[in-house]
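Okay, here's what each chain looks like letter by letter:
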Amino acid sequence: MAGGQLKVLTTLDQAKTQWYHFMAIVIAGMGFFTDAYDLFCISLVSKLLGRLYYTEPNSPTPGSLPPNVSAAVNGVALCGTLAGQLFFGWLGDKLGRKSVYGFTLVLMVVCSVASGLSFGHTAKGVVSTLCFFRFWLGFGIGGDYPLSATIMSEYANKRTRGAFIAAVFAMQGFGILFGAIVALVVSAGFRNSYPAPSYQDNPGASLIPEADYVWRIILMFGTIPAALTYYWRMKMPETARYTALIARNAKQAAADMSKVLNTEIEEDKEQAELATARVGANEWGLFSPQFMRRHGLHLVGTTTTWFLLDIAFYSQNLFQKDIFSKVGWIPPAKTMNAIEEVFRIARAQALIALCGTIPGYWFTVAFIDIVGRFAIQLMGFFMMTVFILGLAVPYHHWTTAGHHTGFVVMYGFTFFFANFGPNSTTFIVPAEIFPARLRSTCHGISAAAGKAGAIIGAFGFLYAAQDPHKPEAGYSPGIGIRNALFVLAGTNFLGMLMTLLVPESKGLSLEEISKETVEDEESA
């Protein structure tokens, strides 16, 4: 017992990196692999859905999703995710992290498969069932955010805790890449098996009936890796911090961690009672004056930074296919058949994931426990602002022939610094700085604020980026992509300012950061 700390928690904080840490990263990370696959694969197939269900006979251009349908298909999973983050975040503190961890995975797997099986042959039937199942898919994904982050932070040692939580989150990058690879393989297979002319050569023949299988296979395939980890999720013991500090059973916590760490941990009964009594003296709730005094500004910092980041991050991710088309990196839709368009979009997203997204995540894993959370988040927001301005100011230069590659390189750097920056740190910090009994709830609130930003990004960017003079069919004139990029640069700059409210948590135990074992002045 060091400084009033339970022996089991001190042992966890000082434990060397070992096999169970990597097992926890893989088990929790596979959930995030599926999360990213399911959230972002819709952008790979939304153009195909438009061709399949909204192509008008004799139209000079292929069909596209109407504005309200596009917003619903792209945004409904984010709405479900927001609700799931709040609900499962709260439930994780009430029932335990492990108790609801398996349920979120089952919900993701079932709804992901059901999304691909969306029934009906009419546009209304297919889109309605797709949106229904994607909402509940998002609800399960939402639960994975607070639970995975909290479980990993409570399992990790204090020296490498940031890297472990970042590694769980970094599986998102592989999920995005895997989605693009699956789309490439499936579209290439169908393209070779069922050759078709471009839309401008033969509108009817450019859309083969078998194309309806393509989007369904892509939506369902990401469930396989996550389903394989279900058994291991259920085998994980409850975290020691929940068992000892919330359930008040230090003896059980010591027994659980003895098995995990392969070392004998014996908790002194008298000392354990003293430590849990000290925590019990601080049983104020989320809406209490004590919480506001200790953590109010921290919660404002974690919610606003995540909110501002996701406006930019999701608008760029979900609509990069539209941006690539505008700058000419993907040819005009009418010059391709339906399957070829899926292949081209997937190839572009795979290159961005490989060159910008994945390296950014793993730079965070490598440096977060050296540089610290605060510095990485501040630097990331700053660099995102710089690179988005680098796209926006000379936008007309980037859209002229011969300069498209430069645009994509700059665009890739914004993803690199999002992931080697606030996209990772906004996930990590809320899992560290709040007390155990409110940790999952506060992470869920912070993450839900992020998804509110993502919804604004997904719905808002779709309309805002429309050409003010020649909007797409069904859309009102917007401010154009150039001005929309200026808005995104502004949100990133605001995120940099709000980062000043977020404390540094590098190298400290969770109890030291949250001051959980320090009695409040009123109860002292």
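Named according to an unreviewed UniProt entry, the protein chain is H(+)/Pi cotransporter originating from Eragrostis curvula. What UniProt records for the protein chain under Subcellular location (unreviewed entry) is the sentence "Membrane".

Student: Before we go on, may I ask you to explain the overall build of the protein chain in this structure?
Tutor: Across its full length, the protein chain holds 23 helices and 0 strands. In terms of overall size, the protein chain behaves like a compact globule, its C-alpha atoms giving a radius of gyration of 24 Å where 524 residues would be expected to give roughly 24 Å. In terms of overall dimensions, the protein chain has C-alpha extents of about 80 × 45 × 35 Å along its principal axes. Considering the protein chain as a whole, with its 524 residues, one finds that 61% of them fall into the buried category.

Student: When you look at the nonpolar core in this model, what are you seeing that I'm missing?
Tutor: Across soluble globular proteins, nonpolar side chains have a tendency to be buried as a group. The biggest cluster of nonpolar side chains holds 146 residues, and the ones touching the most others in it are Val8, Tyr145, Trp215, Ile218, Met257 and Phe427. The leading source of residues in this core is helix α7 (residues 161-193), at 18 residues. Look past the residues within four positions of methionine 257 in its chain and what remains in contact with it is Val8, Leu12, Tyr155, Pro237, Glu238, Ala240, Asn262 and Ile265. Trp284, Phe291, Val429 and Cys442 belong to the second largest nonpolar core, which has 12 residues in total.

Student: Would you explain the pattern of salt bridges in this entry?
Tutor: Working definition: two side chains of opposite charge can pair if their charged atoms are close together. Going through the model one piece at a time under the given rule, you end up with 14 salt bridges. The partner of arginine 161 in a salt bridge is glutamate 432, and the shortest N-O contact between them spans 2.7 Å. With arginine 161 in helix α7 and glutamate 432 in the loop between α20 (422-428) and α21 (436-464), this residue pair connects regions lying 271 residues apart in the sequence. There is no split in this pair, since arginine 161 and glutamate 432 are both buried.

Student: Looking at this model, I keep getting lost on the packing of helix α5 (residues 97-116) against helix α6 (residues 123-155). Mind explaining?
Tutor: Each packed pair of helices is defined by two parameters, the angle between the axes and the distance between the axes. Between α5 and α6, whose axes approach to 8 Å, the crossing angle comes to 150 degrees. Our classification of the angle between α5 and α6 gives roughly antiparallel. Every pair of crossing elements has a handedness; the one defined by α5 and α6 is left-handed. Among the residues making up the contact of α5 with α6, the classes are represented as 14 nonpolar, 7 polar and 4 charged.

Student: Explain the environment of tyrosine 395 here, please?
Tutor: Assignment of secondary structure puts tyrosine 395 in helix α18 (residues 395-398). The exposure class of tyrosine 395 is buried, given its relative accessible area of 9%. Taking the C-alpha atoms as reference points, tyrosine 395 and asparagine 483, 88 residues apart in sequence, are found 9.6 Å from one another.

Student: What should I look at first to understand the environment of alanine 375 in this one?
Tutor: Here alanine 375 is to be found in helix α17 (residues 373-392). For the pair formed by alanine 375 and threonine 425, sequence separation is 50 residues and the distance between their alpha carbons is 9.9 Å.

Student: What is the right way to look at the packing of aromatic side chains in this model?
Tutor: Think of a pair of aromatic rings as described by two things: how far the centres are apart, and how the planes are tilted against each other in angle. Tallying each qualifying case throughout the model produces 35 aromatic pairs. Ring centres of phenylalanine 132 and phenylalanine 133 lie 5.2 Å apart, and the angle between their planes is 75 degrees; on these two criteria the pair is classed as edge-to-face. Seen from their ring centres, phenylalanine 416 and phenylalanine 417 are 4.9 Å apart, and the 90 degrees between their planes marks the pair as edge-to-face. Phenylalanine 417 carries the same exposure label as phenylalanine 416, and that label is buried. One aromatic cluster is present, formed by Phe87, Phe88, Trp90, Phe103, Phe135, Trp136 and Phe139 through successive ring pairs. Looking at arginine 191, its charged tip hangs above the ring of phenylalanine 343, at a distance of 4.2 Å from the centre.

Conventions we followed
Residues numbered from 1 in each chain as written. Predicted model: local features only at pLDDT ≥ 70, side-chain atom pairs only at ≥ 80, totals over all residues. Heavy atoms only, no water. UniProt positions renumbered as here; feature names shortened; annotations may be inferred. Helix = DSSP H or I, 4+ residues; strand = E, 2+ residues; numbered from the N terminus. Rg over C-alpha atoms; globule rule 2.2 N^0.38 Å. Buried < 20%, exposed > 50% of the residue type's maximum accessible area, 1.4 Å probe, protein only. Core = buried A, V, L, I, M, F, W, Y, C linked by side-chain atoms within 4.5 Å. Contact = heavy atoms within 4.5 Å. Salt bridge = Lys/Arg side-chain N within 4 Å of Asp/Glu carboxyl O. Axes fitted to C-alpha atoms, helices over the stretch in contact; angles between N-to-C directions. Parallel < 35°, antiparallel > 145°, perpendicular 65-115°, else oblique. Left-handed = near helix turned anticlockwise from the far one by under 90°. Nonpolar A, V, L, I, M, F, W, Y, C, P; charged D, E, K, R; others polar. Phe/Tyr/Trp six-rings, centres within 6.5 Å; stacked < 30°, edge-to-face > 60°. Lys NZ or Arg CZ within 6 Å of the ring centre and 35° of its normal.

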